Amino acid sequence: MQPVNEFKSKSGLKRIFSAFFYSLDGLKAAWCHEHAFRQELGLFVVGTVIALLLRISAFEKLVLIGVLLLVLIVELINSAIEAVVDRISLERHPLSKNAKDFGSAAVLLTCILAFATWAVVLFNRFY
C-alpha cells in the first residue's frame, strides 16, 4: 500500500478550487522570488500589447502571445526544478548541476523559439 498524501485526498469541485489557489500561490511565489520570471512577465505584457495592436490575423496574434506564454510556463518549470534540487541539498553535485542546467537550457530553447516565431510572423507581415 502506498503512503497517503494529504494534498491528494480532495475530490470534485473542492479539488478544482484547491488546485486553482495552489496555482495562484505558485504565481505569487514566482513573482516574489524569481527575478527571471518577473523579467519574462514584463516581456509577455509588452509583447501581448504589441501583438494585439498589430494588423495580423487572429491566429498570428494567438501564436505570438502563445510563444511568450510558453516562455513563462517553461520558466516556472525551471524554477520548480531548481527549488527541488535546492530542497534536497545545497551541496554542489554534478547531478544537481545537470538538473539546473537542463532546466535553464529548456528556457533558452523556448526563448529562441519565441524569437524565431516573432521574426517569421513580423517578416511575413511587413516584407
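Worth saying up front: this structure is predicted, and the values here are computed from it rather than measured. (Residues numbered from 1 in each chain as written. Predicted model: local features only at pLDDT ≥ 70, side-chain atom pairs only at ≥ 80, totals over all residues. Heavy atoms only, no water.)

### Observations concerning the overall build of the chain
Looking only at helices and strands, one finds 4 helices and 0 strands in the chain. The helix and strand sequence of the chain, counted from the amino end, reads α-α-α-α. Its C-alpha atoms give the chain a radius of gyration of 18 Å, clearly above 14 Å, the size a compact globule of 127 residues would have. Taking all 127 residues of the chain together, the buried fraction comes to 24%. A fraction of 62% describes how many contacts in the chain between residues 6 or more apart in sequence connect residues 24 or more apart. Of the accessible surface of the chain, which amounts to about 9,700 Å², a share of 71% is contributed by carbon and sulfur atoms. Side chains of the chain carry 13 positive and 10 negative charges; the gap between the two charge centres is 8 Å. (Helix = DSSP H or I, 4+ residues; strand = E, 2+ residues; numbered from the N terminus. Rg over C-alpha atoms; globule rule 2.2 N^0.38 Å. Buried < 20%, exposed > 50% of the residue type's maximum accessible area, 1.4 Å probe, protein only. Contact = heavy atoms within 4.5 Å. Areas by Shrake-Rupley, 256 points an atom, 1.4 Å probe, with all protein chains shown as cover. Lys, Arg positive; Asp, Glu negative; His and termini not counted. Charge placed at Lys NZ, Arg CZ, Asp CG, Glu CD.)

### Observations concerning the UniProt feature "transmembrane region" (unreviewed entry) in the chain
The positions that UniProt labels "transmembrane region" (unreviewed entry) are, in the present scheme, residues 41-58, 64-85 and 106-126. A helix fraction of 100% and a strand fraction of 0% characterise residues 64-85, whose end C-alpha atoms lie 32 Å from each other. (UniProt positions renumbered as here; feature names shortened; annotations may be inferred.)

### A look at the nonpolar core
Counting 15 residues, the largest nonpolar core has F44, A51, I56, L64, L68, A114 and W118 as its most contacted members. Sorting the residues of this core by element identifies α2 (35-53), α3 (58-88) and α4 (94-126) as the ones contributing at least two each. In terms of residues, this core owes the most to one element, α3, which gives 6 residues. Residues contacting A114, with those up to four places away along its chain left out, are V67, L68 and V71. (Core = buried A, V, L, I, M, F, W, Y, C linked by side-chain atoms within 4.5 Å.)

### Some words on the packing of α3 against α4
It is at 9 Å that the axes of α3 and α4 come closest, and there the two elements cross at 170°. As the angle between them shows, α3 and α4 are arranged roughly antiparallel. Of the residues assigned to the contact of α3 with α4, the class counts are 17 nonpolar, 6 polar and 5 charged. (Axes fitted to C-alpha atoms, helices over the stretch in contact; angles between N-to-C directions. Parallel < 35°, antiparallel > 145°, perpendicular 65-115°, else oblique. Nonpolar A, V, L, I, M, F, W, Y, C, P; charged D, E, K, R; others polar.)

### With respect to the packing of aromatic side chains
For any pair of aromatic rings, the description rests on two quantities: the centre-to-centre distance and the angle between the ring planes. Counted according to the given criterion, the structure contains 2 aromatic pairs. Ring plane angle 75° and centroid distance 5.3 Å describe the contact between F20 and F21, whose orientation is recorded as edge-to-face. (Phe/Tyr/Trp six-rings, centres within 6.5 Å; stacked < 30°, edge-to-face > 60°.)

### Some details on the pattern of salt bridges
In total, this model carries 2 salt bridges according to the counting rule given. Linking D101 and K97 is a salt bridge whose minimum nitrogen-to-oxygen distance equals 2.5 Å. In this pair, D101 and K97 are both assigned in helix α4, 4 residues apart and thus about one turn of the helix distant. (Salt bridge = Lys/Arg side-chain N within 4 Å of Asp/Glu carboxyl O.)

### Notes on the side chain of N78
Within the secondary structure, N78 sits in helix α3. Within the structure, N78 has its side chain in polar contact with the backbone nitrogen of S104 (distance 3.3 Å). Excluding residues within four positions of it along the chain, N78 makes contact with K100, G103, S104 and V107. (Polar contact = N/O pair within 3.5 Å; in protein donor to acceptor, adjacent residues only side chain to side chain.)

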